[in-house]
Amino acid sequence: EEEQAQTALDNYREMASALTEVAKEASKSVVVVKAVNNNVSLDNLGQEPASVSGVITWKNSAAVLVVAPACILDDGEANIEITFNDGRTYDAKLKKQDKNSQLAVFSVMTPTMRESTRNHIEAATFGNSNVITKGDSVIALGNQFGYSGGSGYGIISTVNNYITVADRTYRVLTTDIAASENGSGILF
């Protein structure tokens with residue numbers, strides 16, 4: 001019995017270590033998108049949300065593209081800054097906003113970025129949500145707990161939830177990972 005318990009503990013540690021490595025690699029694709037007004041973060045003014053999690057979807061020598069929740073654009077006069085996983089912050093421009101899906105695409109000009117930042121980030125590799133099933137392991141990275149840099153581990157609890165917006169119905173992947181009301185995160 002003691003040998004079985006040790007084997008189970010070793011298996012758990014190996015699994016936890018593997019998940020941590022996946023999270024470390026995936027964090028290269030996660031950013032913080034923040035609204036600022038006159039160099040003052042809007043979260044200091046009590047306006048929610050002032051920052052959201054975003055995911056790098058494209059990276060080349062001209063620009064880095066980030067997809068994030070569009071809710072941070074509620075203040076039309078705010079400037080947008082993106083903080084990458086090396087802690088460096090750069091000005092960003094809105095490229096496109098879809099009010100139905102509530103997503104926005106932002107760009108940061110690659111030549112304005114330090115080489116160390118460019119070398120430390122990766123564009124995310126997208127999976128196929130149609131092959132995800134209830135019980136699959138998932139990692140949430142970002143601002144899901146109300147602060148940046150969070151990570152949570154859990155499972156897909158259901159794939160049978162749907163939301164309807166003006167132009168279509170979307171399937172929603174639901175997890176058992178806790179999150180704050182104003183949190184945002186990226187699932188890996």
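Residues numbered from 1 in each chain as written. Predicted model: local features only at pLDDT ≥ 70, side-chain atom pairs only at ≥ 80, totals over all residues. Heavy atoms only, no water.

## Section: the overall build of the protein
Link 1 in the chain: If you tally the helices and strands in the protein, you get two helices and eleven strands.
Link 2 in the chain: Order of helices (α) and strands (β) in the protein, N terminus to C terminus: α-β-β-β-β-β-β-β-α-β-β-β-β.
Link 3 in the chain: If you line up the protein on its principal axes, its C-alpha atoms span 65 × 40 × 35 Å.
Link 4 in the chain: Put simply, the protein has 188 residues, and 30% of those count as buried.
Link 5 in the chain: Considering only residue pairs separated by 6 or more positions, the protein has 57% of its internal contacts joining residues 24 or more positions apart.
Link 6 in the chain: Surface accessibility of the protein: about 11,500 Å² in total, with carbon and sulfur atoms responsible for 48%.
Link 7 in the chain: Between the centroid of the 15 positive side chains of the protein and the centroid of its 22 negative side chains there is a distance of 9 Å. (Helix = DSSP H or I, 4+ residues; strand = E, 2+ residues; numbered from the N terminus. Buried < 20%, exposed > 50% of the residue type's maximum accessible area, 1.4 Å probe, protein only. Contact = heavy atoms within 4.5 Å. Areas by Shrake-Rupley, 256 points an atom, 1.4 Å probe, with all protein chains shown as cover. Lys, Arg positive; Asp, Glu negative; His and termini not counted. Charge placed at Lys NZ, Arg CZ, Asp CG, Glu CD.)

## Details of the sheet that holds strand β11 (residues 184-187)
Link 1 in the chain: In spatial order, the strands read β10-β9-β8-β11; together these four strands make up an open sheet with antiparallel pairing. Both edges of this open sheet fall to β10 (168-175) and β11, since each of them pairs with a single strand only. Each strand axis lies, on average, 50 degrees off the axis of its neighbour in the sheet, ignoring direction. (Pairing = 2+ DSSP bridges. Axes fitted to C-alpha atoms, helices over the stretch in contact; angles between N-to-C directions.)

## With respect to the pattern of salt bridges
As a working rule, side chains carrying opposite charge can pair if their charged atoms are close by.
Link 1 in the chain: A full pass over the atoms with the stated rule returns two salt bridges.
Link 2 in the chain: In this structure, the salt-bridge partner of Glu25 is Lys28, at a minimum N-O distance of 3.4 Å.
Link 3 in the chain: Given a relative accessible area of 46%, Glu25 falls into the partly exposed group. (Salt bridge = Lys/Arg side-chain N within 4 Å of Asp/Glu carboxyl O.)

## Notes on the nonpolar core
Link 1 in the chain: Within the largest apolar cluster, 22 residues are counted, with the highest numbers of intra-cluster contacts made by Val33, Ile80, Ile82, Phe84 and Phe106.
Link 2 in the chain: Put simply, the parts of the chain that give this core at least two residues each are β1 (30-37), β3 (51-59), β4 (63-69), β5 (79-83), β6 (89-98) and β7 (103-109).
Link 3 in the chain: Among all residues touching Phe84, those that are not within four sequence positions of it are Val31, Ile56, Val64, Tyr90, Val108, Met113, Thr117 and Ile121.
Link 4 in the chain: Ala23, Ala26, Val30 and Ala124 belong to the second-largest nonpolar core, a separate cluster that totals eight residues. (Core = buried A, V, L, I, M, F, W, Y, C linked by side-chain atoms within 4.5 Å.)

## As for the confidence of the model for the protein
Link 1 in the chain: For the protein, mean pLDDT is 89; residues scoring 70 or higher make up 91% of the total.
Link 2 in the chain: Here strand β2 (residues 40-41) stands out as the least confident element of the protein, with mean pLDDT 53; β4 is the most confident, with 97.
Link 3 in the chain: Every residue in residues 44-48 is under pLDDT 50, and counting partners more than four places away or in other chains gives four contacts. (pLDDT = per-residue confidence, 0-100.)

## Focus on the pairing of strand β8 (residues 137-143)
Link 1 in the chain: Within β8, six of the seven residues are buried, which leaves the element mostly enclosed by the surrounding structure.
Link 2 in the chain: Two strands pair when backbone bridges link them, and β8 and strand β9 (residues 150-165) are joined in this way by six bridges, in the antiparallel orientation. Note that in β9 the partner of Ile139 across the bridge is Tyr153.
Link 3 in the chain: Connecting β8 to the next strand, β9, in antiparallel fashion are six residues, including Gly146 with a positive phi near 95 degrees.
Link 4 in the chain: Looking at chain direction, β8 and β11 are connected through four bridges and run antiparallel.

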